[in-house]
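Geometric and topological summary
Single-letter residue listing:
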Amino acid sequence: MSPTSHGGPGRIRGDGAVVARAPAKVNVHLAVAPLGPDGYHELRTVFLAVSLFDTVTVRPAGDLSIELTGEFAGGRSGPDRVPTDRRNIVWRAAELLAEHAGVPAHAAVTIDKSIPAAAGLAGGSADAAAALVALDTLWGTHATRGDLAGLAAQLGSDVPFSLLGGVALGSGRGDRLSPVLARRPWHWVLGIAGAGLSTPAVYGELDRLRAAGDLPSGEELVSPDPVVAALRSGPADALGAALWNDLQDPAISLRPDLRRALEEATAAGAVGALVSGSGPTVAALADDEAGAEALAAQLAATGSFRTVRAVHGPVHGARLVG
């Protein structure tokens, strides 16, 4: 039985389907080094998995196919479009696991998207992680957690964390992870914009602003220690004051309305707010669950967001569900 399956073949339903889900993430700290000679930026980040999930259902089939359902199945164009062919990271995840295990990459995959694409929440990475876990059980590949982590790292820098969940310090491209202890749940409100932002475009804008002297060079990375300390011991005010994201200014440069959205979150009582990852989602921190519900109601009333969600974290990474 696969150590990732938490029930192995018993999680295959009577119709032959296997269901897994994986969470969105918020980068509560994200420091970005200058562009390296390999074309990538080294990162120092702190990931927090939160209770907004994509669900992936896989069934036996004679070939590989992907179907999208849910609120954020995606538009027809733009960075938030979610493809259903081999451009989808789930397709690549299926082929990679099949090659690793020596089995045909045959499955009908349905992705129910509650996490928007191109939103700074790692929705695609969550889909890939959930697919790895579900297909491992469907195909009986008995991959270890280490096997799946290695495959996840080949798929993208956020996929290993989507598999792990919880809280973790990420380095390299974000794929080298060290778990971080969080002694309490943290309550957030996610303000999700109407249209996504391209991650490469946000990194490109960071490089442009740094070259123009409008932002620090990034040679000295901001330390994640204050965020890690606050996550371990609180209070919420300490975490709110420590939040950091080097991509926030370039995201605002590309989407100026984000500045007003952040101001609205603070005015509504958030103890801290930042753009999550490359944006454009605004993550607003509340004192507790009741505070998050009240904050969500106020932010929904502003009209600045397509959708507002009250969430909590840390939560588990990709897991099978009954």
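Structure: above.
Here we summarise the structure given alongside this text. (Residues numbered from 1 in each chain as written. Predicted model: local features only at pLDDT ≥ 70, side-chain atom pairs only at ≥ 80, totals over all residues. Heavy atoms only, no water.)

With that settled, consider the environment of Phe-72. Relative to the elements of secondary structure, Phe-72 occurs in the loop between strand S3 (64–69) and helix H1 (89–101). Sequence spacing of Phe-72 and Ile-115 is 43 residues, and the spatial spacing of their C-alpha atoms is 6.5 Å. Setting aside anything within four residues of it in sequence, one finds Phe-72 in contact with Val-82, Lys-113, Ser-114, Ile-115, Pro-116, Ile-192, Arg-306 and Thr-307. (Helix = DSSP H or I, 4+ residues; strand = E, 2+ residues; numbered from the N terminus. Contact = heavy atoms within 4.5 Å.)

With that out of the way, let us pick up the pattern of salt bridges. All chains considered together, the criterion is met by nine salt bridges. Notably, a salt bridge pairs Lys-113 with Asp-127, separated by 3.0 Å at the nearest N-O pair. Highlighted residues: Lys-113 in the loop between strand S4 (107–112) and helix H2 (123–139) and Asp-127 in helix H2, separated in sequence by 14 residues. The shortest N-O distance in the salt bridge between Arg-208 and Glu-205 comes to 2.8 Å. Here the residue Arg-208 and the residue Glu-205 both occupy positions in helix H5 (residues 199–211), the gap between them amounting to three residues, near one helical turn. One connected set of salt bridges, linked through shared partners, spans Asp-54, Lys-113 and Asp-127. (Salt bridge = Lys/Arg side-chain N within 4 Å of Asp/Glu carboxyl O.)

Right, let's talk about the pairing of strand S9 (residues 272–275) for a bit. In regular strands, side chains alternate between the two faces of the sheet. With four bridges joining them, S9 and strand S10 (residues 282–286) adopt antiparallel strand pairing. Across the sheet, residue Gly-272 finds its bridge partner in S10, namely Leu-285. In this structure, the hairpin formed by S9 and S10 is closed by a connection of six residues, where Gly-277 is found at a positive phi of approximately 55°. (Pairing = 2+ DSSP bridges.)

Turning next to the sheet that holds S9. In a beta sheet, neighbouring strands are held together by backbone hydrogen bonds and run either parallel or antiparallel to one another. Pairing is antiparallel across the open sheet formed by four strands, whose spatial order is S9-S10-S7-S11. A strand with exactly one partner marks an edge of an open sheet, and here the two such strands are S9 and strand S11 (307–313). Going across the sheet, the axis of each strand differs from the next one's by a mean of 25°, ignoring polarity. Sheet strands in contact with helix H9 (residues 257–267) are S9 and S10, and its direction is about 160° off that of S9. (Axes fitted to C-alpha atoms, helices over the stretch in contact; angles between N-to-C directions.)

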